[in-house]
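Overview (structure and organization)
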Amino acid sequence: MTISVTMTVNGQSVTRDVEPRTLLVQFLRENLGMTGTHVGCDTSQCGACVVHVNGTSVKSCTILAAQAQGAKVTTVEGLAQDGKLHPMQEAFRENHALQCGFCTPGMIMSAIDLVQRNPNPSEETVRHELEGNLCRCTGYHNIVKAVMAGAQAMRG
Amino acid sequence: MYAFNYHRPASLADAAKLLGSATDGKFLAGGQTLLPTLKQRLASPSDLVDLNGIAELNGITVSGGSVTIGATTRHAAVAASAEVKKAIPALAALAGGIGDPQVRNMGTIGGSLANNDPAADYPGAVLGLGATIHTSKRKIAADDFFTGMFETALEEGEIITKVEFPIPKRAGYVKFPNPASRYVMVGAFVAETANGVRVAINGAGPCAFRHKEMEAALAKSFSADALKGIKTDPGSMNNDIHASSEYRAHLVGVIAKRAVQAALG
Ligand SMILES: Cc1cc2nc3c(=O)[nH]c(=O)nc-3n(C[C@H](O)[C@H](O)[C@H](O)COP(=O)(O)OP(=O)(O)OC[C@H]3O[C@@H](n4cnc5c(N)ncnc54)[C@H](O)[C@@H]3O)c2cc1C
Ligand code: FES
Ligand code: FES
């Protein structure tokens, strides 16, 4: 049995017939071919798969595509505007906040959500808020620096 | 994950009907426990009945001495609610300490209680405050709800609709989190309520339980010192790779004292 799922991904309305067990991350990567969202653990631990659903960050490996029916989904591919990186993406680049880059899409999506809720976060808040995102390379230090800088840039 | 059928009813009656007519149906709330379970193929329901389309199950109301939280209300909504923070700050803090931000954006109070994981946070607050669990069929007192590890008083097809917390004079919650998962290794929810002092211990035993000896001591004197010397039997504690039962029994005393201090502000 398949069901029809419609959602808005990065501003574009998309409809696909999928099996009900299709995860949102599978929908994005396999049905839409948008591979910016990564699968690290597939067990709700690592946060590599974080996207925004109606403005809040969720682990797209732990939500069915069907649950996002009618929702507005934003992935890392939807952040840059007119060829210009989002301030948080730019801050990650400037601060050398990535090495292999595998965790980066999820880190950036979580970081933007945390800044939306805490426009002027302390370093402690940033570290605490990134609890759901694991990085095996950087040791987090530059990621925290980047998020602080990105927050400042987002405040304008 | 095995294949299943997916339904998103808009009313409680339809949800109950859909589950009743499924071969082996399960309700889906935040999915933060159920979907990982399905991925591991530890369960293979024929049908998932998504409760998130039922408007009446969502939301927070504070009135007449109680805080009522709808079953599909996310942990993040409880943590951020100005009304909950004012009425029962310990409850908002508890919700804000569950897992990580992404888990809190999906996970729900109804799902947490129905699941009754021994390491879950909400059972501490529900038992510690003497809350009432409203379901599609009846009202269940907290003291009768948690019946064992992953076991509750819920019957097949019964839906938690909301949870009503009486506002206490003061309350405090402290958990010793597992450093990797943030699940509870030992938690204590201590409250001074209109009906006396309640102490709920979660994370430590097969399910949340009341510590009657601590309640009696705190009724005499509501201070951390009153708990000095009170021992907890390791025989009733969980013993796993995260902590031995002796260690958990010791932590119960330490964490309960901290919870009293938190309640005293
Ligand atoms: C990485 C991670 C870390 C976590 N850390 C913590 C933590 O620190 N503390 C903590 O307490 N929890 C933690 N959790 C669990 C989280 O809080 C879950 O959200 C919660 O336990 C289940 O709620 P849910 O809404 O996701 O339920 P679901 O997964 O959708 O459902 C769980 C079960 O409850 C049933 N159910 C759901 N809603 C109802 C209802 N209204 N009536 C009857 N039955 C219902 C379902 O059928 C299912 O059997 C963590 C989860 C993850 C993935
Ligand atoms: S892939 Fe989703 S949390 Fe790791
Ligand atoms: S940069 Fe490699 S996992 Fe974070």
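Scope of this entry: the structure provided in the associated data block. Just so it is clear, the structure is predicted and the values come from calculations on it, not from any experiment. (Residues numbered from 1 in each chain as written. Chains lettered and ligands numbered in written order. Predicted model: local features only at pLDDT ≥ 70, side-chain atom pairs only at ≥ 80, totals over all residues. Heavy atoms only, no water.)

1. Digging into the layout of surface pockets
Here the second largest pocket defines a volume of roughly 420 Å³. Taken together, 21 residues make up the lining of the second largest pocket; nearest its centre are V53(A), N54(A), N52(B), R74(B) and M106(B). Of all elements in the fold, only β4 (56-59) of chain A together with α6 (101-106) of chain B reach the threshold of two or more residues within the lining of the second largest pocket. For the lining of the second largest pocket, a count of residues per class yields eight nonpolar, 11 polar and two charged. (1 Å grid on protein atoms, 1.4 Å probe; cavity = no way out; pocket = protein on both sides within 12 Å on 5 of 7 lines; lining within 4 Å. Points joined across faces, edges and corners; volume = space filled by probe spheres on them. Helix = DSSP H or I, 4+ residues; strand = E, 2+ residues; numbered from the N terminus. Nonpolar A, V, L, I, M, F, W, Y, C, P; charged D, E, K, R; others polar.)

2. Thoughts on the pairing of strand β6 (residues 132-135) of chain B
Successive residues of a regular strand alternate their side chains across the two faces of the sheet. Residues and elements named next belong to chain B. As paired strands, β6 and strand β7 (residues 139-141) are joined by three bridges and run antiparallel to one another. Of the residues in β7, the one forming a bridge with T132 is A141. Between the end of β6 and the start of β7, which pair antiparallel, lie three residues. Of the strand pairs in this sheet, β6 and strand β10 (residues 160-166) are connected by four bridges, and their pairing is antiparallel. Across the sheet, the residue bridging to H134 is K162, located in β10. (Pairing = 2+ DSSP bridges.)

3. As for helix α10 (residues 212-220) of chain B
All names here are of chain B. Buried residues of α10: M214, E215, A217 and L218, and no others. Around the axis of α10, the buried residues are gathered within 165 degrees of arc, so they sit on the same side. Residues of α10 that are exposed and point more than 90 degrees away from the buried face comprise K212, A219 and K220. Elements that come into contact with the buried residues of α10 comprise β12 (184-193), β13 (196-202), β14 (209-210) and α11 (245-264). (Buried < 20%, exposed > 50% of the residue type's maximum accessible area, 1.4 Å probe, protein only. Arc of directions from axis to C-beta. Contact = heavy atoms within 4.5 Å.)

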